[in-house]
Each structure stands twice: as structure tokens, then as C-alpha cells.
Amino acid sequence: MSQRELILAFESSCDETSGAVVQDGTQILSNIIATQIHSHQRFGGVVPEVASRHHVEQITECTDLALQEAGVSYADLTAVAVTYGPGLVGSLLIGVTAAKTLAFAHGLPLIPVNHMAGHIYAARFVAPLTYPLLALVVSGGHTELVVMRAAGEYEIIGDTRDDAAGEAYDKIGRVLGVPYPAGKTVDEMAHAGHDTFDFPRAMHDSDDLDFSFSGLKSAFINTVHHADQIGETLDRNDLAASFQAAVIDQLVGKTLIALRQHPVAQLVLAGGVAANRGLKAALEAALAREFPETTLLVPPVRLTGDNAAMIGAAAHIELAHHHFADATLNAVPGLNFQHA
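Residues numbered from 1 in each chain as written. Predicted model: local features only at pLDDT ≥ 70, side-chain atom pairs only at ≥ 80, totals over all residues. Heavy atoms only, no water.

### Re the side chain of His115
Looking at where His115 falls in the secondary structure, it is placed in helix α4 (residues 115–121). Reaching out from His115, the side chain makes a polar contact with the side chain of Glu11 at a distance of 3.1 Å. Aside from chain neighbours lying at most four places away, what touches His115 is Glu11, Ser13, Thr83, Gly85, Pro86, Ser139, Asp306, Met310 and Ile311. (Helix = DSSP H or I, 4+ residues; strand = E, 2+ residues; numbered from the N terminus. Polar contact = N/O pair within 3.5 Å; in protein donor to acceptor, adjacent residues only side chain to side chain. Contact = heavy atoms within 4.5 Å.)

### Considering the pattern of salt bridges
Using the criterion set out here, one finds 12 salt bridges in the structure. Where Glu155 meets Arg149, a salt bridge forms, and the shortest distance between an N and an O atom there is 2.7 Å. Among the residues examined, Glu155 registers a relative accessible area of 18% and is labelled buried. Salt-bridge contacts for Arg161 lead to Asp210; the nearest nitrogen and oxygen are separated by 3.1 Å. With Arg161 in the loop between β8 (155–159) and α5 (165–176) and Asp210 in the loop between α6 (183–191) and α7 (214–229), this residue pair connects regions lying 49 residues apart in the sequence. Of the residues examined, Arg161 reaches a relative accessible area of 54% and is grouped as exposed. Connected through shared salt-bridge partners, Arg161, Asp208, Asp210 and Lys254 make up one network. (Salt bridge = Lys/Arg side-chain N within 4 Å of Asp/Glu carboxyl O. Buried < 20%, exposed > 50% of the residue type's maximum accessible area, 1.4 Å probe, protein only.)

### Structural notes on the sheet that holds strand β11 (residues 338–339)
Working definition: the strands of a sheet are paired by backbone hydrogen bonds and lie parallel or antiparallel to each other. If you trace the 6 strands from one edge of the open sheet to the other, you get β10-β9-β6-β7-β8-β11, paired in mixed fashion. With partners counted over all chains shown, the strands left at the sheet margins are β10 (295–297) and β11, one partner each. As paired strands, strand β7 (residues 142–148) and β8 are joined by 4 bridges and run antiparallel to one another. Within β8, the position partnered with Val146 by the bridge is Ile156. Relative to strand β6 (residues 133–139), helix α8 (residues 236–261) is tilted by about 160 degrees, and along the sheet it contacts β6, β7, β8 and β9 (266–270). (Pairing = 2+ DSSP bridges. Axes fitted to C-alpha atoms, helices over the stretch in contact; angles between N-to-C directions.)

### Re the layout of surface pockets
Estimated volume of the largest pocket: approximately 1,400 Å³. Within the residue set of the lining of the largest pocket, elements represented by two or more residues are α5 and α6. With 6 residues, the single largest contributor to the lining of the largest pocket is α5. Split into classes, the residues belonging to the lining of the largest pocket amount to 14 nonpolar, 15 polar and 12 charged. If you add up the space inside the second largest pocket, you get close to 190 Å³. Around the second largest pocket, the lining comprises 13 residues; the ones closest to its centre are Tyr84, Pro112, Asn114, Tyr154 and Glu318. Sort the elements by how many residues they give to the lining of the second largest pocket and strand β5 (residues 110–114) lands first, with 3 residues. Partitioning the lining of the second largest pocket into residue classes produces 7 nonpolar, 5 polar and 1 charged. (1 Å grid on protein atoms, 1.4 Å probe; cavity = no way out; pocket = protein on both sides within 12 Å on 5 of 7 lines; lining within 4 Å. Points joined across faces, edges and corners; volume = space filled by probe spheres on them. Nonpolar A, V, L, I, M, F, W, Y, C, P; charged D, E, K, R; others polar.)

### Re unusual backbone geometry
Gly85 connects to Pro86 through a cis peptide bond whose omega is -10 degrees. With respect to the helices and strands, the residue Pro86 is situated in the loop between β4 (79–85) and α3 (89–105). The omega torsion across Tyr131 and Pro132 is 0 degrees, close enough to zero to call that bond cis. In this structure, Pro132 sits in the loop between α4 and β6.

### Considering the sheet that holds strand β1 (residues 6–11)
One open sheet accounts for 5 strands, arranged β3-β2-β1-β4-β5; its pairing is mixed. Taken across any chain shown, the strands that pair with only one partner, and hence form the sheet edges, are β3 (27–35) and β5. On average, adjacent strands in this sheet sit at an angle of 20 degrees to one another, irrespective of strand direction. Sheet topology note: the β1/β4 ladder contains 4 bridges and is parallel. Residue pairing for β4: Leu8 is matched across the bridge by Val80. With respect to the sheet, α3 is in contact with β1, β4 and β5, its orientation differing from that of β4 by roughly 160 degrees. Across the face of the sheet, helix α10 (residues 308–320) comes into contact with β1, β2 (16–23), β3, β4 and β5 while running at roughly 125 degrees to β1.

### Some thoughts on the pairing of β8
Where burial is concerned, most of β8 is hidden: 5 out of the 5 residues are buried. Counted along the chain from β7 to the antiparallel partner β8, the turn is 6 residues long, and its residue Gly152 has a positive phi close to 80 degrees. Here β8 runs beside β11; their pairing, made up of 2 bridges, is parallel. When the bridges of β11 are listed, Glu155 appears paired with Gln338.

### A look at the environment of His316
Relative to the helices and strands, His316 resides in helix α10. Residues His316 and Asp306, spaced 10 residues apart in sequence, show a C-alpha to C-alpha distance of 18 Å. When residues no more than four places from it in sequence are discounted, the contact partners of His316 are Glu5, Ile7, Asp24 and Gly25.

### Some details on the packing of aromatic side chains
For the coordinates displayed, the defined rule picks out 6 aromatic pairs. Taking 4.4 Å as the distance between ring centres and 10 degrees as the angle between the ring planes, the aromatic pair formed by Tyr154 and Phe337 counts as stacked. On the criterion of sequence distance, the pair formed by Tyr154 in the loop between β7 and β8 and Phe337 in the loop between α10 and β11 is long-range, its members being 183 residues apart. For Tyr154, a relative accessible area of 12% gives the class buried. Relative accessible area serves as the criterion here: at 7%, Phe337 is assigned to the buried category. Summarising the aromatic geometry, the rings of Tyr169 and Phe243 are spaced 5.0 Å apart at their centres and angled 85 degrees between planes, so their arrangement reads as edge-to-face. Linking Tyr169 in helix α5 with Phe243 in helix α8, this pair joins segments that are 74 residues apart in sequence. The two residues Tyr169 and Phe243 agree in class, both being buried. A connected cluster of aromatic rings, assembled from ring pairs, spans Tyr169, Phe197, Phe199, Phe220 and Phe243. (Phe/Tyr/Trp six-rings, centres within 6.5 Å; stacked < 30°, edge-to-face > 60°.)

Limitation: the analysis is restricted to geometry and does not speak to function.
What follows is the structure, given as C-alpha cells:
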């Protein structure tokens, strides 16, 4: 067996099939990602049954390519890791089944990983994490503020009460005629427009750390539908800019409250929406103004979306804590961190 810690990791929680080999929790030797975006675009969102079938078709090739690119064999591996939740149950089951099969066939430990922990630990490829830290996780159906007092310890101190930010982007994207996934295009449009519509900032005056984006989404849709009814043409870039400004104000505002309540040296921005240039710039400016001692860590764009390398990074911590699974491991679509 190799002296290096080598983890073969799988990620299949939604519409990306990914296999990666990660060394010592910090070095990506390979990170193969097969995306399904084009298959789901015509439906305006992910169709679970279609996603599952794609995972079945692609997971073996992703595994072979990950090992080949990393230049390792099964005999070199330390462990196998896999996302077991949260996510689409059919999609998760493909990754879990593949990981269990390979772990059993090659006599390797099996490490179950929370998908959201993976998003946070993607920042580990940028710099070492120091604890306690605060993470703003904005990914798909999740918008959460998470305190980590030590490696592998997660506590939700703020959560969305309805739509997550990423979901809201996709829903207003359909109204704007933007193809799924809408986040990147809406971000680009927002940079070309101005905040002229002054959409509502939900829970802006509350001292709790929860989020709400349903009212913003409804206000946006109602504004567009009303304009359509009276034959008025609205500037799409201004609509995008106004929507994004409202999202960012809420995310940044709640994060600043959290930082006042939980002083930390590091703030991790994690999840697919971490690729949003407007959000990253707003957080950088807010930290420079109010918390200059706090460092913002953001994974590179290629690691903000779903990928297996981030699962390998999180698995490194689980391995150190001897958190293993056996053949009874199952998908847990509603898996979540504990709430404070």
C-alpha cells in the first residue's frame, strides 16, 4: 500500500457524475466531471429520472479516467469516499452503490460524506482551514450559515425558510428567458444593468440569521407579468441587477450579523453561487470595511459546482476521525447538518 493517503471519491448527488483521486486531503490528482446540463436544459431544470440514467451510463468511465489521470491503481488507494446526501435519491444511489461495490471488491474502507461538507472543504484547496470558522453555503436548494468549531464539526446558525438563493436564480431565469442553470448568465446581466427596481429585502431588519427569497422571487415575477399585461418593456439587465442586488444584500447582511455574534479568522464562501462575481465582490468589500482581520476563502470556480475532489477533501477529515460506513450505507436525500 502507498505511503500517501489516496482517496477515490464519488459525487452524484444531482446532475454531475464525478470521480476524483485526492492525496492527503489537499492535492487533486484527478477530478473527472461529466455534466448533464444539456440534457436538462430543455426541461428548465433537473429531471431526477433522467439524471439517474446518466449517472449509470457515466460513473464507470469517470472512475476509470480518475484513476488513469491520477496514475494510481486500486492497490495504491487508502479508502473510497462517496456523497450519501443530501440530493436526489436516485442520483445518490448510483454513487453510493458504485463506492460500496469498489470498497468491498478491493478491501478498502468506505467513507460517507455530506455533500454540503464537501462544498465547504473545497476551500481547503485554496488554503488550510483554521477553526473556528464561518461558512456561507449557497448551493442549489441550500442557503446556510454554518459555524465550524473544529475540523468535521458543523452547526447551522442560519437557514433559508423557503426558496434557496440558487433556486430563486433559476426561477427568475425562466422568466427572463435564460437557459438553465441561470446563475452565471443572470450574474453577467446584472453587471450590465442597474438596481432600478428596488426589490424587497426580506427579513432585513431581523436580528436572526435566517434567509427568505420567496418574496423577492414573487415580487420579480409580478413586476415582469404586470409589465407584460400593460405592454411595457422592461430592461432585462436592470431586472437582473435589481434581483441580484436584493439577494446579495440579504446574504451579506446576515453574514455580517453572524460574524459579530461568532468572531472568526476565516469566512468560507461555498457552493455553486460562490462563483457569483457580485456576491464575492460584496463580501470582500464588507469584510474590508467591518472585519479586516477576517480572511475570505472562496474555492476556484471549477470547484464551486458539484465535483468529487471536494468530497475527497472532506473525506480526509472523516478518515482521520475513523468515520466509516459498511455495506448497509444508503442514500439520505434529506441529510443536513445539525442546527444550533
